[in-house]
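Coordinates in review
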Amino acid sequence: MKQIAFYLKKYRAAAIMAIFLMLVELTVELIQPLLISQIIDDGITLQNGSVVLLWSGILVGGTLIAFGAGILSSFYAAHASQSLGYDLREKLYGKVQSFTYAVFNRFATSSLITRLTNDVTQVQDTTFMGLRFMLRVPLVVIGSMIMALVVHAELGFLLLLTVPALFLFVVWIVKKAAILFKKVQQRLDTVNGVMQENMTGMRLIRVFVRREQEAARFARHSGELMQSSTSALRLTEITLPFIVLIMNAGIIAVLWFGHLEIRAGSATTGEVVAIVNYSLRTAGALSAMSMLVSAFSRARASAQRISEALATDSGQTDAAQTARKTGGISEGSVEFENVSFQYPNTDAPVLEDISFKVSPGQTVAILGATGSGKSSLMQLVLRLYEEDQGVIRIDGRDVRELDTLHLHDSIGYVPQEVLLFTGTIRDNIAWGLDNASLEQIMESAKSAQIHDTIEQLPNGYDTLLGQRGVNLSGGQKQRISIARALIRKPAILLLDDSTSALDVRTEAALLKALNDMSCTTFLITQKISSTLNADLILLLDDGHLIAQGNHEQLMENQSLYRRIFESQFGEEGSHVGSVK
Ligand SMILES: Nc1ncnc2c1ncn2[C@@H]1O[C@H](COP(=O)(O)OP(=O)(O)OP(=O)(O)O)[C@@H](O)[C@H]1O
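Residues numbered from 1 in each chain as written. Predicted model: local features only at pLDDT ≥ 70, side-chain atom pairs only at ≥ 80, totals over all residues.

Looking at an unreviewed UniProt entry, one finds the chain named ABC transporter ATP-binding protein and attributed to Cohnella silvisoli. The UniProt entry for the chain carries the following comment under Subcellular location (unreviewed entry): "Cell membrane". (UniProt positions renumbered as here; feature names shortened; annotations may be inferred.)

Right, dumping it as structure tokens:
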């Protein structure tokens, strides 16, 4: 909450104006019963028309002032709360962007989305209500009690008796409800998560005929969300009838004792009406409080979740933070020296004691069974994770000393799972480089062996891709994301199984084009055809680098490599090794 208040500071002027105007509105409201009591006692009871006219005029004037002040107060409160929401979203988004991959993975994506959307909206809306009503409610209650005591001390005392008990009751509800609303937000996270998985995995769900099961899973989580929302709302909703009940009892007591006081001549009708009026206003304010309680409890849970994300250490090391001056990489040599790595919160390392050296412009093929650590090795080059032991050097410098922004600027990365955005093919390729020209886009598309295919599409480079590029084949999508990586003319190119959907001829043409580009290329592959011309082949097995060398060397002295080769080319294909 403190952190949220800190962000609201920037809009202090608007917030103060909103509160000040609300106070004007409130003052008029508190004086109204007093004026009505004057009209009754000095005007109506004494049948004095000019007194009725005078005080009624003042009453109308006051009401108009309160009306104007109320509108302006809402205007300022909306400005302050919406701006706060905008700032929170921006800060939170920036924070999430600054997370290292390891820190990012600590949060579920759906939870971060809920925090950025629902939680921020909750805080924003409650801030508006807070500026308009949070202060007004206690002030109406306290003001009404004071005014009631001023009007008639004994009758006012009755009001004084009921309010503190009600106030304590409301505080108790706030505390209980906060716990329940926290659960609601957690369950909302889960529902959003399931929804996200279902939307992205739509095709898989249909092919596996899992629609009913997935619908049932969604219904189960949605039901759990409904349950916790219902219990939280039930708790806050009992507040209103309870307050009305107690306040009505209080009003009946005021009327009863009021009539006794009038008979005894120690109170006027106007004074009793004024006390009843103040009691009604107090009841109204406390009822509004029950709504505020619900909103405030929710916002408290949301504010905690936002603060948690904002307070999370982004995971960047000090060396990287101070390395901004070191600039990007230019040559593209890569060296691993006794590198070991284990994912956070896991039992065993996924890479152990890996050492190899790659000179600028060389092509490295990484080969190994599924789960052997190939992608993890790439993630270390990308510094999405940090090695636990050993050193990784790029251009001879320890990667921990390189600024990740500059490092990523010099690296082209094509992940295993292709992600294309809604927009044109041109936009998708140009995404890799600010202000890319059409010539640059075409040049990289040619190198990625996708130019001819694009030209044949009805709108060429301006063809629109649906969400995730559903109107292209897997291989075409892979090549568009390769073009996206190539347009940056990276010093190092990382292809994580990005040629799996290409036929041998297209793949060979692509590899030749990459060779001509002279960037250092790491290529994860299952196909021996891609390793034949590589300068270095890294053969991984269960996190260990069991062999390294070029095709001829591995054919000569690595039985596993020979077996993979023979399984793909047949024994008679051994002569293929001489392609180079
Ligand atoms: N984020 C992660 N957290 C924990 N363990 C992980 C994570 N990512 C991968 N692993 C584990 O690390 C090991 C190596 O995974 P990696 O993705 O590097 O293998 P791979 O050789 O690229 O496999 P594939 O060919 O199937 O893509 C696997 O056992 C995997 O379960």
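1. Some thoughts on the overall build of the chain
Helix and strand counts for the chain come out as 21 helices and 12 strands. Sorting the 580 residues of the chain into buried and exposed places 37% on the buried side. (Helix = DSSP H or I, 4+ residues; strand = E, 2+ residues; numbered from the N terminus. Buried ≥ 20, exposed ≤ 12 C-beta atoms within 10 Å, placed from the backbone.)

2. Overview of the site of the ligand
Taken together, 13 residues lie around the ligand, and Tyr 343, Thr 370, Lys 374, Ser 375 and Ser 376 are the ones closest in. Among the elements that take part in the shell around the ligand, helix H13 (residues 374-381) stands out by supplying three residues, more than any other. Tallied by class, residues from the shell around the ligand come to two nonpolar, 10 polar and one charged. (Near = placed C-beta within 6 Å. Nonpolar A, V, L, I, M, F, W, Y, C, P; charged D, E, K, R; others polar.)

3. Considerations on the pairing of strand S10 (residues 520-524)
For S10, a buried count of five out of five residues is recorded, marking the element as mostly surrounded by other parts of the structure. Where burial is concerned, the two faces of S10 agree: the one with Thr 520, Phe 522 and Ile 524 and the one with Thr 521 and Leu 523 are both buried. Two strands pair when backbone bridges link them, and strand S3 (residues 363-368) and S10 are joined in this way by four bridges, in the parallel orientation. The residue of S10 that forms the bridge with Ala 365 is Leu 523. (Pairing = 2+ DSSP bridges.)

4. Considering helix H16 (residues 438-447)
Within H16 the residues assigned to the buried category are Ile 441, Ser 444, Ala 445 and Ser 447. For H16, the buried positions fall inside an angular range of 160° around the axis, keeping them on one side. Of the exposed residues in H16, the ones pointing more than 90 degrees away from its buried face are Leu 438 and Glu 439. Buried residues belonging to H16 abut helix H15 (425-430), helix H17 (451-456), helix H18 (474-486) and helix H19 (504-517). Just beyond H16, the residue with positive phi is Gln 449, at close to 65°. (Arc of directions from axis to C-beta. Contact = placed C-beta atoms within 7 Å.)

5. Let's talk about the confidence of the model for the chain
Residues of the chain with pLDDT of at least 70 account for 94%, and the chain-wide mean is 84. Confidence, expressed as mean pLDDT per element, reaches its minimum in the chain at helix H12 (residues 318-321) with 52 and its maximum at strand S2 (residues 351-358) with 93. Predicted confidence for residues 575-580 stays below pLDDT 50, and this span has 10 contacts to residues more than four positions away or in other chains. (pLDDT = per-residue confidence, 0-100.)

6. Re the environment of Met 247
Mapped onto the secondary structure, Met 247 falls in helix H10 (residues 239-264). Sequence separation of Met 247 and Leu 166 is 81 residues, and the distance between their C-alpha atoms is 9.1 Å. Those residues in contact with Met 247, other than ones at most four positions away along the chain, are Thr 162, Ser 279, Thr 282 and Ala 283.

7. Digging into the UniProt feature "transmembrane region" (unreviewed entry) in the chain
The UniProt feature table records "transmembrane region" (unreviewed entry) at residues 12-32, 52-78, 133-151, 157-174 and 238-258. Secondary structure content for residues 12-32 is 100% helix and 0% strand, while the C-alpha to C-alpha distance between its ends is 30 Å. For residues 52-78, helix accounts for 100% and strand for 0%, while the C-alpha atoms at its two ends are 38 Å apart.

8. Points about the packing of helix H2 (residues 12-44) against helix H3 (residues 49-98)
Where H2 contacts H3, the axes come no closer than 8 Å and their chain directions differ by 160°. Taken as axis vectors, H2 and H3 run roughly antiparallel relative to one another. Like other packed secondary-structure pairs, H2 and H3 cross with a definite hand, here left-handed. Its residues assigned to classes, the contact of H2 with H3 shows 24 nonpolar, nine polar and three charged. (Axes fitted to C-alpha atoms, helices over the stretch in contact; angles between N-to-C directions. Parallel < 35°, antiparallel > 145°, perpendicular 65-115°, else oblique. Left-handed = near helix turned anticlockwise from the far one by under 90°.)

9. Some details on the packing of helix H5 (residues 109-134) against helix H7 (residues 153-200)
At a minimum axis distance of 8 Å, the contact between H5 and H7 shows a crossing angle of 120°. As for how H5 packs across H7, the hand of that crossing is right-handed. Contacts between H5 and H7 involve Thr 109, Ser 110, Ser 111, Ile 113, Thr 114, Asn 118 and Asp 119 from the former and Gln 185, Leu 188, Asp 189, Asn 192, Gly 193 and Gln 196 from the latter. Grouping the amino acids of the contact of H5 with H7 by side-chain chemistry returns two nonpolar, nine polar and two charged.

10. Regarding the environment of Lys 176
As for its position among the elements, Lys 176 is in helix H7. Look at Lys 176 and you get partly exposed, because 15 C-beta atoms sit within 10 Å. Distance from Lys 176 to Thr 236, taken between C-alpha atoms, is 9.2 Å for residues 60 residues apart in sequence.

11. Side note on the environment of Ser 498
With respect to the secondary-structure elements, Ser 498 resides in the loop between strand S9 (492-496) and H19. Spatially, the C-alpha atoms of Ser 498 and Glu 417 are 8.4 Å apart, while their sequence positions differ by 81 residues. Those residues in contact with Ser 498, other than ones at most four positions away along the chain, are Val 414, Gln 478, Ser 481 and Ile 482.

12. Details of unusual backbone geometry
Unlike most non-glycine residues, Asn 338 shows phi in positive territory, near 50°. A positive phi angle, near 55°, is found at Asp 395, a position not held by glycine. Tracing the sequence through the fold places Asp 395 in the loop between strand S4 (389-394) and strand S5 (397-398). Take Asp 395: there are 20 C-beta atoms within 10 Å of it, and that puts it in the buried class.

13. What about the nonpolar core?
Ile 366, Ala 483 and Leu 494 are the most contacted members of the largest nonpolar core, which has 63 residues in total. Ranked by the residues each element gives to this core, the list is headed by H18, at five residues. Counting contributing residues per domain, this core is built from domain 2 (321-410 + 515-573) and domain 3 (415-489), each supplying no fewer than three. Sequence-distant contacts of Ile 366, defined by excluding residues within four places in its chain, comprise Lys 374, Leu 377, Phe 522, Leu 523, Ile 524, Leu 538 and Leu 540. (Core = buried A, V, L, I, M, F, W, Y, C linked by C-beta atoms within 7 Å. Domains from an automatic or database assignment.)

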